[in-house]
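# Residue-level structure breakdown
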Amino acid sequence: MCAQASLPASPLDTGEMSSGDESAVLWLDQIQEAIHTANQDEEEALTLAGAVADINRTVAEGDAQKTLQALQVPSAGLRAVLPECAETYQAELAERQTNGDDKGSTESVWVKHCINDRYDYYYNLETGQGTWEEPEGFQHHDGQLGKEDIQGVVSSLTAEYNREQLWMANESMVTQLQARVRGYLVRRKHARRMEYLRQQEPHVVKLQACWKGHKQRKMYKDRMNLLQENVSSIVKIQSVVKMWKAKRKYNQRLQFFKDHEKEIVKIQAFLKANKARDDYRTLTGAKDPPLSVVRKFVHLLEQSALDLQEEQEVTRLREEVVTNIRSNQQMEKDLNLMDIKIGLLVKNRITLQDVVSHNKKMKNKKNKASKDDLTTGDRQGIKGLNKGKRRKLEAYQHLFYLLQTNPHYLAKLIFQMPQNKSTKFMDTVVFTLYNYASNQREEYLLLKLFKTALEEEINSKVDQIQDIVTGNPTVIKMVVSFNRGARGHNTLRQLLAPVVKDIIDDKSLGINTNPVDVYKAWVNQLETATGEASKLPYEVTPEQAMSHEEVRSRLEASSLALRTATDKVLNSIVSSLDNIPYGMRYIAKVLKNSLHEKFPDASEDELLKIIGNLLYYRYMNPAIVAPDGFDIIDMSAGGQLHVDQRRNLGSVAKMLQHSAANKLFEGENAHMTPMNNYISQTYEKFRVFFQSACDVPEPEEKFNIDEYSDMVTLSKPIIYISIDEIINTHSLLLEHLEAISPDHNDLLHELLQDLGDVPDVETLLGEGAVDPNDVNRESALSQMAKTEISLALTSKFELLEGDDRDMKTLMTKTKKLVVDVIRIQHGENLPQILETPSSALQESEHTKIVERRAVQDAQTPEGLKSSPALLEDSQLPLEQKKRKILRNLRSLEQAGLLTDGNKYQDLVNEISKDIRYQRRYRQRRKAELVKLQQTLTALNSKTAFYQDQMNYYDTYIKTCLDNLNRKNARRSIKLDSKGENKGSKKWKPQSLKYTGAKLHEKGVILEIEGLQTNQFKNVMFDISPTEEVGDFEVKAKFMGVEMEKVQLHFQDLLQLQYEGVAVMKMFDKAKVNVNLLIFLLNKKFYGK
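The rules behind these values
- Residues numbered from 1 in each chain as written.
- Predicted model: local features only at pLDDT ≥ 70, side-chain atom pairs only at ≥ 80, totals over all residues.
- Heavy atoms only, no water.
- Salt bridge = Lys/Arg side-chain N within 4 Å of Asp/Glu carboxyl O.
- Helix = DSSP H or I, 4+ residues; strand = E, 2+ residues; numbered from the N terminus.
- Buried < 20%, exposed > 50% of the residue type's maximum accessible area, 1.4 Å probe, protein only.
- Expected span 1.5 Å × (residues − 1).
- Arc of directions from axis to C-beta.
- Polar contact = N/O pair within 3.5 Å; in protein donor to acceptor, adjacent residues only side chain to side chain.
- Axes fitted to C-alpha atoms, helices over the stretch in contact; angles between N-to-C directions.
- Parallel < 35°, antiparallel > 145°, perpendicular 65-115°, else oblique.
- Left-handed = near helix turned anticlockwise from the far one by under 90°.
- Contact = heavy atoms within 4.5 Å.
- Nonpolar A, V, L, I, M, F, W, Y, C, P; charged D, E, K, R; others polar.
- Phe/Tyr/Trp six-rings, centres within 6.5 Å; stacked < 30°, edge-to-face > 60°.
- Pairing = 2+ DSSP bridges.
- Core = buried A, V, L, I, M, F, W, Y, C linked by side-chain atoms within 4.5 Å.
- pLDDT = per-residue confidence, 0-100.

### Comments concerning the pattern of salt bridges
Inspection of every chain in the model, using the stated rule, returns 17 salt bridges. Across the pair R57 and D54 runs a salt bridge whose closest N-O atoms are separated by 2.6 Å. Within this pair, R57 and its partner D54 are both found in helix α3 (residues 28-61), separated by 3 residues, close to a single helical turn. Its salt-bridge partner being E455, residue K451 comes within 3.0 Å of it at the nearest N-O pair. Here the residue K451 and the residue E455 both occupy positions in helix α17 (residues 440-461), the gap between them amounting to 4 residues, near one helical turn. For K451, a relative accessible area of 22% corresponds to the partly exposed category. Judged by its relative accessible area of 27%, E455 is partly exposed.

### Focus: helix α30 (residues 723-735)
Counting along an α-helix, one turn takes 3.6 residues, and residues three or four places apart therefore face a common direction. Compared with an ideal rise of 1.5 Å per residue, which puts 13 residues at 18 Å, α30 spans 18 Å between its outermost C-alpha atoms and is within 8% of the ideal. The complete set of buried residues in α30 reads I723, E725, I726, I727, T729, H730, L732 and L733.

### Things to note about helix α4 (residues 64-71)
Taken together, the buried positions of α4 are A64, T67, L68, A70 and L71. Looking straight down α4, one finds its buried side chains confined to an arc of 160°; they lie on one side. Where α4 begins, the capping side chain belongs to D63, and its oxygen is found 3.2 Å from the backbone nitrogen of Q65.

### Side note on the packing of helix α19 (residues 474-483) against helix α25 (residues 604-625)
Between two packed helices, what matters for the description is the angle formed by their axes and the separation of those axes. Their axes nearest at 10 Å, the elements α19 and α25 cross at an angle of 60°. Classified by the interaxial angle, the pair formed by α19 and α25 is oblique. Crossing hand, α19 versus α25: right-handed. Packed against α19, whose contacting residues are I476, V480 and N483, the element α25 presents L614, R618 and Y619 at the interface. Residues that form the contact of α19 with α25 fall into these classes: 4 nonpolar, 1 polar and 1 charged.

### Notes on the packing of aromatic side chains
The tally for this structure, following the rule as stated, stands at 8 aromatic pairs. Counting every residue linked through ring pairs, the aromatic cluster contains Y616, F686, F689 and F690.

### Quick notes on the sheet that holds strand β2 (residues 119-124)
Reading across from one edge, β1-β2-β3 is the order of the 3 strands in this open sheet, with antiparallel pairing throughout. One side of each edge strand has no neighbouring strand; the edge strands of this open sheet are β1 (110-115) and β3 (130-131). Most of the contacts of α3 go to β2, to which it runs at about 55°, and overall it touches β1, β2 and β3.

### A look at the sheet that holds strand β11 (residues 1063-1066)
Pairing within the open sheet is antiparallel, and its 3 strands lie in the order β7-β12-β11. The open sheet is flanked by β7 (1005-1008) and β11, the only strands paired with a single partner. Pairwise comparison of adjacent strand axes, ignoring direction, gives a mean angle of 25° for this sheet. Pairing analysis gives 3 bridges linking β7 to strand β12 (residues 1070-1073), with the strands arranged antiparallel. Of the residues in β12, the one forming a bridge with E1007 is K1071.

### Observations concerning the nonpolar core
Ranked by size, the top nonpolar core spans 120 residues in total, and within it F400, F450, L496 and L591 carry the most contacts. Element by element, the count of residues in this core is highest for α25, at 11 residues. By size, the runner-up hydrophobic cluster in this structure holds 28 residues, among which are L999, I1005, F1021 and F1085.

### What about the pairing of β11?
Residues M1064 and M1066 point to one face of β11 and are all buried, whereas V1063 and K1065, pointing to the other face, are not buried. In this sheet, β12 lies alongside β11 in antiparallel orientation, the contact comprising 4 bridges. Its bridge partner being in β12, V1063 is matched across the sheet by N1073. Adjacent in sequence and paired antiparallel, β11 and β12 are bridged by 3 residues, among which F1067 carries a positive phi angle near 60°.

### Some words on the side chain of N124
Here N124 shows up in strand β2. Polar side-chain contacts of N124 include one of 2.8 Å to the backbone nitrogen of E126. In terms of polar contacts, N124 uses its side chain to reach the backbone amide nitrogen of T127, at 3.1 Å. Aside from chain neighbours lying at most four places away, what touches N124 is V109, W110 and Q129.

### With respect to the confidence of the model for the protein chain
For the protein chain, per-residue confidence averages 76 on the pLDDT scale, and 73% of positions sit at 70 or higher. Long-range and interchain partners of residues 368-379, a stretch whose pLDDT sits below 50, account for 19 contacts in this model, where long-range means more than four residues apart.

Below you can see the structure in the form of structure tokens.
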């Protein structure tokens, strides 16, 4: 068999042996080589056949891994076999094998293989032997795959796999290409359809309308019939379906979160990390400074003797200033109230007891050593001495500090409420929170709030630039009201009082620019002078009035007087620019910039007109029109301006209003057109004034305050706020929390979570503040809600507790130790310095620094000395300091504050920030020293003035008491009807009884609801004094039957009289003249 396969081309087969050529004879070695080659071919064929048989067997077994191993056998000679396609190979080969079984014979044990594409080789599957000769009765086993079949399957599957991998590698490109093609096709199809619909639109609309109408009517009728027949079933189905939908939606949402928990955590982690990085970049404002640069300036962190001296002086002055301010503020309030009481005393002697009582209270407050115990709310409730109440107090202090120093919270809260509620909120809580801008810090923060709120209002509510003029912006109204109140009152008075008083006092001044009024006044003058009725018509139009020469002449004279008066007021305004409150000017600047940012196309003139509307029309104009209402001029009791005086002021105000807005006269005011040229000229003056008014520095520069000021301030800001205001603020924040702070990681959420639910009044005041059995408990609680408490505002990050506080202290200690080390040793980064041993010279230099610091610390006052722990650390040798630094760094790294990955660069950055802030702090401290000294001088002068005033009041009250005692002594000698000496008893006035008709006749009773005047005689009023001085009980009887009684406080009547209230209601039915009632009580009970 071997010879047949290997020697077909030998000379023996070709007949060359018969040629007689000896060279054609096969030599023994050639024959041997041929035999050897034949044996090799036999062996390779047998191996190949066996390998193919193994492949067929493993395929039949169905094990993909065994099939893969069989395919990878080198003897099989298969190419491009990939492990990734093992399962695919198995499936495809098994399918081919099955197809072969179905098509041919599977009973034969012989398989034929083609070797080298030339020879057939027959292999017995049972014996594992092969032959080159065809066996007798040979029949090929069709269920066996040949090498060519297997190679074909492997090659096709491998190529398909490679092609799939190629598509997957370019999937995004293919997807993009498909998307563009599909987009183009969809747009083209949509365009064609739209074009067709546009062409057929009238017909389509008509058809649709008819068909929809028909369907809707039919559907409506069918639906109505069905619903009417199945009302009860529908209700039941709806309830079940709604419940099922709600449950399904909830479960789907819950399952969605559970399925994507990892993704959600990753997203949250990414957002938090990104925000932290942004905050860090904002805080530092610079790249990571190298350690070699930082070490050059660490000596600036050392406190010199001058620093210690200045710090001690600032601490002392600040304490004195705060004490004097509080004392003066209380004295000023008491003295103002005493002014009012003494003023009322002059007209009503009954209030003497109240004056004496107030004077005693004033003395007691002056002699108190401590001002902390101002209210009962400070002694119990939230200020109680236990841990829970202390935490609640600190939580509110943190909350109000955050609201005070972060204006965007209140700015958003203001616009979440109705305008009437926001105005009340500003007048109470907000202005209380900023102490009505009583010092520079509060004024700075309040201006920041106004700025933020104004920008918020412009961005969210102003659609056109004229909305500021035509509308009533909340922030503008609040700013004007605040600056026109107590703070801006003196400014308006200084600015306008002289010129307004000149206009009022000028008796010859008569400004009337209405031609009809001028005409009527002329006609009346003619009739008065001649005594005969004028032939001129009384009712005329402005045009008819202007046709008379006399009217035109008088109007011209009025116009000249109007220009003169207007010039006086205008010159006073434009020359007093520096007297306008800084807050008004700064808000004008913010208003202009914000409007310019939102309306960049607006001209300079349009913006300046808006500024004019703020500074003149809203701020100054009302004070000119009604100077008596804004206390610009002094008016006697009951006095009022004459009609002509008000018309003169109104005309001047109208002229200035037109000039500030550059609004010319036209239409109904056509007779004033000659004044248009004057208006244009006046506007130019106003224009320069408004531009100059907006030219003010930023609050940071004006007040020398920035975001770090509170960090270096020794005294904490204190506010005085009522319990009701605390509860109201807490409630509003919880109600509008999502709108104010949508970020749940915001600090406001954390602080409100610390506070919990809104407490009630009794919780903050303390249990037992009101008797639970008191029938008027609700009224008492309502009154107690007005109790004020003091809150020392602090930032939560300044009062860290537990591990947070320990880590902060550890960070501070570590920074100080690092500063000491890097001053002595050099290095590229902190780990390198800590790992490098120090030399003897460096140890010696460090020892000298430690000794010098110890001497300086010994001379430092107790209040400014370093803590013992820091002092102990600073005295360690250099190597021990480095070992301690390494321990601290490991602790800080475990706490997540530092990382070794950046060579502790974060710690270096903190030290560099400390260096930068130290210089700024020294500059602010020097400026603060000067301001504190000036403030203290002014406060001492004011205290002396108040003291003199208190002494004067004390002397006055003693005199009044002496007079009262002498008068009472004269009364005490009278005898009663039994002849007993009444000097031993307290004198008690008798009650008064009047009919309603008698009081009506005296003018005390004006009317009684539900009763005619002729029925007043059936009403009897009984007025009796109570044991409390100044309190009366008034009983009302109708036809002898007691109907109602009311407590009347004389002090309340005096307050109403002081406020100008002429009529009050008694019993909710009777209208009473306040002045005449006071007169009656004085006359009958006190002989006045």
